[in-house]
Amino acid sequence: MGTILIVAGRDRGSYYPLAESTTVIGRDESCDIQILDEMISRRHTQVSCRQEQDVRRFFISDMQSANGVFVNGRQVSDEVELNDGDTIRIGESKLFFSTKRFRDLDTAMSYFKQRGQRDKGTIVR
């Protein structure tokens, strides 16, 4: 399975289970995931799911967007594999990717918060 959770931007708090094939994300109402952010192209990015042996893998690619796709702060130029906990920035929105499927928004947000704390370093003064 797989999930996209919007953690920053106008649509913050929305979460979407990903399709078993390809999910298109953009501003257009025909997209599988519509995000109303003026910095996002009509058809901005796509996440593809591929079953390889017993492993389900997810890949993201830029659909020639005006402002780019960034995974963990790095701009995507070719197709990139997504890993559990990756952050995706498109336009003014920040998305969290998980390989897990959640039963509801509260469960997804709880996982995101736990994951975020685990990945943060300790500030030393």
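Predicted model, so just to flag it, every value in this text is computed and none were measured. (Residues numbered from 1 in each chain as written. Predicted model: local features only at pLDDT ≥ 70, side-chain atom pairs only at ≥ 80, totals over all residues. Heavy atoms only, no water.)

1. Details of the overall build of the protein chain
Assigned secondary structure in the protein chain consists of one helix and 11 strands. Of the regular secondary structure in the protein chain, the N- to C-terminal order runs β-β-β-β-β-β-β-β-β-β-β-α. On C-alpha atoms alone, the protein chain measures out to a radius of gyration of 14 Å, which is about the 14 Å that the 2.2 N^0.38 rule sets for 125 residues. Burial analysis of the protein chain (125 residues in total) assigns 40% to the buried set. (Helix = DSSP H or I, 4+ residues; strand = E, 2+ residues; numbered from the N terminus. Rg over C-alpha atoms; globule rule 2.2 N^0.38 Å. Buried < 20%, exposed > 50% of the residue type's maximum accessible area, 1.4 Å probe, protein only.)

2. Quick word on the environment of Ile 6
Relative to the helices and strands, Ile 6 resides in strand β1 (residues 3-8). A sequence separation of 89 residues divides Ile 6 from Leu 95, and the C-alpha atoms of the two residues are 4.4 Å apart.

3. Considerations on the pattern of salt bridges
Counted by the stated rule, this structure contains four salt bridges. The shortest N-O distance in the salt bridge between Arg 57 and Glu 52 comes to 2.4 Å. Exposure remark for Arg 57: the relative accessible area of 25% places this residue in the partly exposed category. Put simply, Arg 57 and Glu 81 hold a salt bridge, and the shortest N to O gap is 2.7 Å. Here the residue Arg 57 occupies a position in strand β6 (residues 55-62), and Glu 81 occupies one in strand β9 (residues 80-82), the gap between them amounting to 24 residues. Judged by relative accessible area, Glu 81 falls into the partly exposed class, the value being 30%. In the salt-bridge network here, residues are joined through shared partners; they are Glu 52, Arg 57 and Glu 81. (Salt bridge = Lys/Arg side-chain N within 4 Å of Asp/Glu carboxyl O.)

4. Quick look at the environment of Lys 113
Looking at the element boundaries, Lys 113 is found in helix α1 (residues 105-119). For the pair Lys 113 and Val 7, spaced 106 residues apart in sequence, the C-alpha to C-alpha distance is 10.0 Å.

5. Quick notes on the pairing of β6
As paired strands, strand β5 (residues 45-52) and β6 are joined by eight bridges and run antiparallel to one another. Residue pairing for β6: Cys 49 is matched across the bridge by Phe 58. Taking the residues between adjacent antiparallel strands as the criterion, β5 and β6 are bridged by two residues, where Gln 53 takes a positive phi near 55°. Across three bridges, β6 lies against β9 in antiparallel orientation. Each bridged residue has a counterpart across the sheet, and for Ile 60 the counterpart in β9 is Val 80. (Pairing = 2+ DSSP bridges.)

6. Quick notes on the sheet that holds β6
Reading across the sheet, the five strands line up as β4-β3-β5-β6-β9 and stay open at both edges, with mixed pairing between neighbours. Single-partner strands in this sheet number two, and they are β4 (33-34) and β9.

7. Some thoughts on the packing of aromatic side chains
Two measures describe an aromatic ring pair: the distance that separates the ring centres and the angle between the ring planes. For the coordinates displayed, the defined rule picks out one aromatic pair. The ring of Phe 59 has Arg 50 lying over it, and the distance from NZ or CZ to the ring centre is 4.2 Å. For the cation-ring pair, Arg 89 lies above Phe 70, with the distance from its terminal atom to the ring centre recorded as 4.3 Å. (Phe/Tyr/Trp six-rings, centres within 6.5 Å; stacked < 30°, edge-to-face > 60°. Lys NZ or Arg CZ within 6 Å of the ring centre and 35° of its normal.)

8. A word on the nonpolar core
Membership of the largest hydrophobic core comes to 19 residues, with the highest contact counts inside it found for Ile 35, Ile 60, Leu 82, Ile 88, Ile 90 and Leu 95. Listing elements by their share of this core, those giving two or more residues are β1, β5, β6, β7 (69-71), β10 (87-90) and β11 (93-98). Look past the residues within four positions of Ile 60 in its chain and what remains in contact with it is Thr 45, Gln 46, Val 47, Val 69, Val 71, Val 76, Asp 78, Glu 79, Val 80, Leu 82 and Ile 88. (Core = buried A, V, L, I, M, F, W, Y, C linked by side-chain atoms within 4.5 Å. Contact = heavy atoms within 4.5 Å.)

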